[in-house]
Amino acid sequence: MITQIILFCVLAYVIGSIPFALIVGKVFYNTDIRTLGSGNLGTTNTFRCLGKKAGVTVFICDVSKGIIATFLPTLMLGRVDFLSIFGAFAMIGHVFPIFANFKGGKAVATGSGVFIFLYPMLSLLLLAIFFSTLFLTGYVSLGSILISLTAIGYLSLFETGFDKWIMIVMCIFVIYMHKKNILRLISGTENQSKLKIGKGKKNDENH
C-alpha cells in the first residue's frame, strides 16, 4: 500500500507538471508563453496573450490534470479517504513543473479538477462564485481568491476526514500564490479580463 501511494504521488506530480500552456503556445502559436504577459504557465496568461481558443484549451487540459491525478489511484486503491494527497501533488506539479524549470502557474485550474472529483456539488458553487466575480469585476485573481476562501469555509464547517485538511492547506497555498495579485488589487493596478460585463474595447486595450 505504501509503495503504491508513493508511486501515485510521483505520477500525480508528473501529470501536474505537464505544461499545457507552454505546449499549446509552442505547437500552435510558435510562441513561448513564458515570454509574454506575466510569464505564468496558466490559463489566465494564456487567455490574455494567446486568445480565447488557446485559453479554453489550456483550461480544460489543466482541469483534467487534477481530475486524472485524483482518479487514477482509485483504480487500485479504491475510493480511499486520502485521494486529496494525489490531487495536492498534481497542484504542486503545476506550480513547480519538472518539465518547465519548476516555474508554472498558480494551480487554480488544476485544483478545480481535484475539487470536481472530490467535491462535485461544492464545485458547482465555486464555479458560480468564480464566474460571477469575473463577469462583475473582471478580476480573475479575485475570483480565484474568493473561491479558495469559500472552499476553506465550506470544508471547515461541513466536511470531515483527512481530505478536508489537505484541501484546506492547498487552498491556502493557492491564496499565497496570489500574493502579488492581492497587492495589485489593493492598489487598483490589477489587470481586468475582457469578460467583465460592460467593459469597453478601449479600456480593454489599456490592459
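Residues numbered from 1 in each chain as written. Predicted model: local features only at pLDDT ≥ 70, side-chain atom pairs only at ≥ 80, totals over all residues. Heavy atoms only, no water.

Caption draft 1: Geometry of the overall build of the chain. Along its length, the chain carries 12 helices and zero strands. Rg of the C-alpha trace for the chain: 17 Å, near the compact-globule value of 17 Å for 207 residues, within the 12% margin. Taken over the C-alpha atoms alone, the chain extends approximately 55 × 40 × 25 Å along its principal axes. Residues counted as buried form 47% of the 207 residues belonging to the chain. (Helix = DSSP H or I, 4+ residues; strand = E, 2+ residues; numbered from the N terminus. Rg over C-alpha atoms; globule rule 2.2 N^0.38 Å. Buried < 20%, exposed > 50% of the residue type's maximum accessible area, 1.4 Å probe, protein only.)

Caption draft 2: Here's a closer look at the UniProt feature "transmembrane region" (unreviewed entry) in the chain. Feature annotation in UniProt assigns "transmembrane region" (unreviewed entry) to the following positions: residues 5-29, 82-102 and 114-140. For residues 5-29, helix accounts for 92% and strand for 0%, while the C-alpha atoms at its two ends are 38 Å apart. Secondary structure within residues 82-102 divides into 57% helix and 0% strand; the distance between the first and last C-alpha atoms comes to 25 Å. (UniProt positions renumbered as here; feature names shortened; annotations may be inferred.)

Caption draft 3: Structural context of the side chain of Thr74. Tracing the backbone shows Thr74 in helix α5 (residues 74-77). Here Thr74 falls in the buried class, since its relative accessible area comes to 17%. Among the polar contacts listed, one links the side chain of Thr74 to the backbone oxygen of Phe71, at a separation of 2.5 Å. (Polar contact = N/O pair within 3.5 Å; in protein donor to acceptor, adjacent residues only side chain to side chain.)

Caption draft 4: How the structure looks around the packing of helix α6 (residues 84-95) against helix α10 (residues 162-177). The N-to-C vectors of α6 and α10 enclose an angle of 15°; their axes lie 9 Å apart at closest approach. Comparing their axes, α10 and α6 come out roughly parallel. When the axes of α6 and α10 are compared, the crossing they make is left-handed. Across the interface between the two elements, Ser84, Ile85, Ala88, Met91, Ile92 and Val95 from α6 touch Phe162, Asp163, Ile166, Met167, Met170, Phe173, Val174 and Met177 from α10. Partitioning the contact of α6 with α10 into residue classes produces 12 nonpolar, one polar and one charged. (Axes fitted to C-alpha atoms, helices over the stretch in contact; angles between N-to-C directions. Parallel < 35°, antiparallel > 145°, perpendicular 65-115°, else oblique. Left-handed = near helix turned anticlockwise from the far one by under 90°. Contact = heavy atoms within 4.5 Å. Nonpolar A, V, L, I, M, F, W, Y, C, P; charged D, E, K, R; others polar.)

Caption draft 5: Summary view of the nonpolar core. Counting 37 residues, the largest nonpolar core has Phe86, Met91, Phe115, Leu118, Tyr119, Leu155 and Met167 as its most contacted members. Mapped by element, the contributors of at least two residues to this core are α1 (2-17), α6, α7 (108-118), α8 (120-137), α9 (140-158) and α10. The element best represented in this core is α10, accounting for eight residues. Contact partners of Leu118, with chain neighbours within four places excluded, come to Thr70, Arg79, Leu83, Ser84, Asp163 and Met167. (Core = buried A, V, L, I, M, F, W, Y, C linked by side-chain atoms within 4.5 Å.)

Caption draft 6: Expanded view of helix α3 (residues 43-50). Within α3 the residues assigned to the buried category are Thr43, Asn45, Thr46 and Leu50. The buried residues of α3 occupy an angular sector of 165° when projected down its axis, which confines them to one face. Next to the buried residues of α3 lie α2 (20-29), α4 (52-71) and α7. Just downstream of α3 lies Gly51, where phi reads positive at about 105°. (Arc of directions from axis to C-beta.)

Caption draft 7: Layout of the side chain of Thr31. Position of Thr31 among the secondary structure elements: in the loop between α2 and α3. With near-sequence residues (within four places) excluded, Thr31 lies in contact with Gly25, Lys26, Leu36 and Leu50.

Caption draft 8: Quick peek at the environment of Phe99. Take Phe99: it is sitting in the loop between α6 and α7. The class of Phe99 is partly exposed, set by a relative accessible area of 48%. For Phe99 and Leu124, which are 25 residues apart along the polypeptide, the C-alpha to C-alpha distance reads 32 Å. In this structure, Phe99 is in contact with Val14, Ser17, Ile18 and Pro19, ignoring residues within four places of it in sequence.

Caption draft 9: Molecular detail of the confidence of the model for the chain. Scored by pLDDT, the chain has a mean of 94; 96% of the residues are at 70 or more. Note that pLDDT drops below 50 for residues 201-207; the model gives that stretch eight contacts with residues more than four away or on any other chain. (pLDDT = per-residue confidence, 0-100.)

Caption draft 10: Structural view of the packing of aromatic side chains. On inspection of all chains with the given rule, the structure shows eight aromatic pairs. Ring geometry for Phe130 versus Phe131: centroids 5.2 Å apart, planes at 85°, classification edge-to-face. Using a relative accessible area of 14% as the deciding quantity, one classes Phe130 as buried. With relative accessibility at 33%, the residue Phe131 sits in the partly exposed group. Each residue in the set Phe8, Phe82 and Phe86 is aromatic and connected to the rest through ring pairs, giving one cluster. It is Lys179 that lies over the ring of Tyr176; its NZ or CZ is 4.2 Å from the centre. (Phe/Tyr/Trp six-rings, centres within 6.5 Å; stacked < 30°, edge-to-face > 60°. Lys NZ or Arg CZ within 6 Å of the ring centre and 35° of its normal.)

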